[in-house]
Amino acid sequence: MTSTYEATPPSADPFLYFVLLSQNIRPAIAACGEMGEVVGISEIHRKPIASKEDILDLLLELYGLKVAAISEQESYSDQVCHVVTREKEPLLTEEYILKLYNHEASENLKDITEVIDILVWLNLQGINCPKPLKNKHGTYITLKDFSKDENGITIFGTYAVCLFSFVKGVQLKKIVDISDGLLFNAGQYLAELQLLLKKVHFPITRRLEYNFDFDCIKERLREKYFYKFVDGVKRELILEAFHNFVTDVDQQKAQLEKGVIHGDYNEANILISSESVNGSLISERITGIIDFNDLIDGALVYDTAIGLLYMMLLRRGDMFTAGAHFLAGYQSKRPLQALEKEVIIKIVAARLALSLVAGLEASSKDPDNVYLLETQAVGWDFLQMLLNIPEKDIWETWNLIIDGYEKSQKIEA
């Protein structure tokens with residue numbers, strides 16, 4: 001976490017200063033009273049702190065938008081708002097997503113610019129995803145300062161602000177009964193997106209946030225930073241998943257096919273549309289994708305494993321079967337290479353371990369955000385299953401279903 005602060009003036013109580021540090025307050029400027037006591041302190045806040053009034057003013061000032069309704073959306077570390085305006089002018093639509101990037105991301109505008117470039121390009125290719133919109137000054141990104149007083153502390157920060165078109169559709173996570181066909185379609189959609197992104201002609205150099213960066217797993221093991229969030233059996237599961245990744249995946253990553261990947265292909269970021277006749281559902285299909293915040297240039301199988309993990313978690317009583325339908329759809333568009341098949345289960349386990357630890361860490365700083373703990377309920381048991389069940393047994397289950405699809409496709413052909 002990036003933070004900057006000046007040393008407390010000599011007349012202030014240094015003990016109190018370090019007590020504040022130990023409580024994760026991250027001082028920026030401490031003010032002193034006449035007798036040398038600390039009377040106020042400022043803090044750089046990682047997650048944006050814009051109030052509703054701030055956001056309304058921002059939308060009018062930067063985009064000329066008059067808001068009818070606004071609602072905050074789930075997010076790990078950014079501030080994301082769904083905005084509905086009173087009229088379509090001046091941007092020819094009535095719904096938007098306003099995003100204020102966290103403090104760390106806002107210090108690296110190059111990374112945000114790379115995501116915007118990809119989104120502009122994908123929209124030109126006909127992909128139904130957020131479209132970046134320019135402000136009154138003709139730019140996509142604006143840096144804005146915000147501050148507020150909270151319990152005698154002045155909280156402040158400078159955050160990057162971007163506006164995107166709102167992509168209509170139902171999140172996959174909101175579908176109560178997810179069919180095999182929809183899982184198959186989710187696999188197809190990801191493979192098609194990967195193949196399209198292989199055509200990107202400009203460099204992508206950004207990295208994932210540390211919490212979800214596969215390349216940082218060796219560093220985590222060395223520093224043992226996650227020890228303060230998990231202990232006992234849970235710690236052993238994380239260690240095993242990370243060790244397996246370092247030993248069996250990281251050593252071979254140079255041989256894995258690379259490309260631009262979404263980085264977070266999960267049920268909250270996949271949008272579907274449905275068609276009904278006389279009140280009866282006749283079809284559902286993937287029609288859009290959102291949240292490219294984790295987009296990087298990396299191994300394609302990383303993305304496939306992430307999608308596979310979250311599709312399995314959607315069907316808690318039937319996880320491995322759900323995974324098979326997803327993989328069958330994926331392989332109908334892009335067959336996995338032999339090495340990718342060899343390592344994909346270890347990548348799934350490593351991603352799940354990363355997600356479990358990241359959720360606990362983020363929740364310790366933002367305990368009221370229930371979104372941060374969504375994976376915890378079933379994740380630990382599933383991680384144990386992934387580590388304990390022989391991979392050949394999992395693949396036998398998957399291959400039975402995948403082979404069935406392939407045979408039916410040959411018959412239809």
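Here the structure is shown first, and the text comes after it.
Read on for a plain summary of the structure. (Residues numbered from 1 in each chain as written. Predicted model: local features only at pLDDT ≥ 70, side-chain atom pairs only at ≥ 80, totals over all residues. Heavy atoms only, no water.)

**Looking at the packing of helix H8 (residues 300-314) against helix H9 (residues 319-333)**
In the contact formed by H8 and H9, the axes pass within 8 Å of each other and the chain directions differ by 140 degrees. Regarding the angle of H8 to H9, the classification is oblique. Note on packing geometry: the crossing formed by H8 with H9 is right-handed. Every residue of H9 that contacts H8 at Thr304, Gly307, Leu308, Met311, Met312 and Leu313 is listed here: Met319, Phe320, Ala322, Gly323, Phe326, Leu327 and Tyr330. When the residues that make up the contact of H8 with H9 are grouped by side-chain class, the tally is ten nonpolar, three polar and no charged. (Axes fitted to C-alpha atoms, helices over the stretch in contact; angles between N-to-C directions. Helix = DSSP H or I, 4+ residues; strand = E, 2+ residues; numbered from the N terminus. Parallel < 35°, antiparallel > 145°, perpendicular 65-115°, else oblique. Left-handed = near helix turned anticlockwise from the far one by under 90°. Contact = heavy atoms within 4.5 Å. Nonpolar A, V, L, I, M, F, W, Y, C, P; charged D, E, K, R; others polar.)

**Observations regarding the environment of Leu190**
Considering the arrangement of structural elements, one finds Leu190 in helix H5 (residues 180-197). Other than its neighbours up to four places away in sequence, Leu190 contacts Tyr265, Asp303, Thr304, Phe326 and Tyr330.

**What to know about unusual backbone geometry**
Of note, Asp291 is a non-glycine position whose phi angle comes to about 60 degrees, a positive value. Inspection of the secondary structure puts Asp291 in the loop between strand S12 (280-289) and strand S13 (296-299).

**Topic: the environment of Glu74**
Mapped onto the elements of the fold, Glu74 is located in the loop between strand S3 (67-72) and strand S4 (79-85). Considered as a pair, Glu74 and Ala268 are 194 residues apart in the sequence and their alpha carbons are 9.6 Å apart. At 3.3 Å, the side chain of Glu74 and the side chain of Lys173 are in polar contact. (Polar contact = N/O pair within 3.5 Å; in protein donor to acceptor, adjacent residues only side chain to side chain.)

Such coordinate-based values are descriptive only and should not be taken to indicate function.
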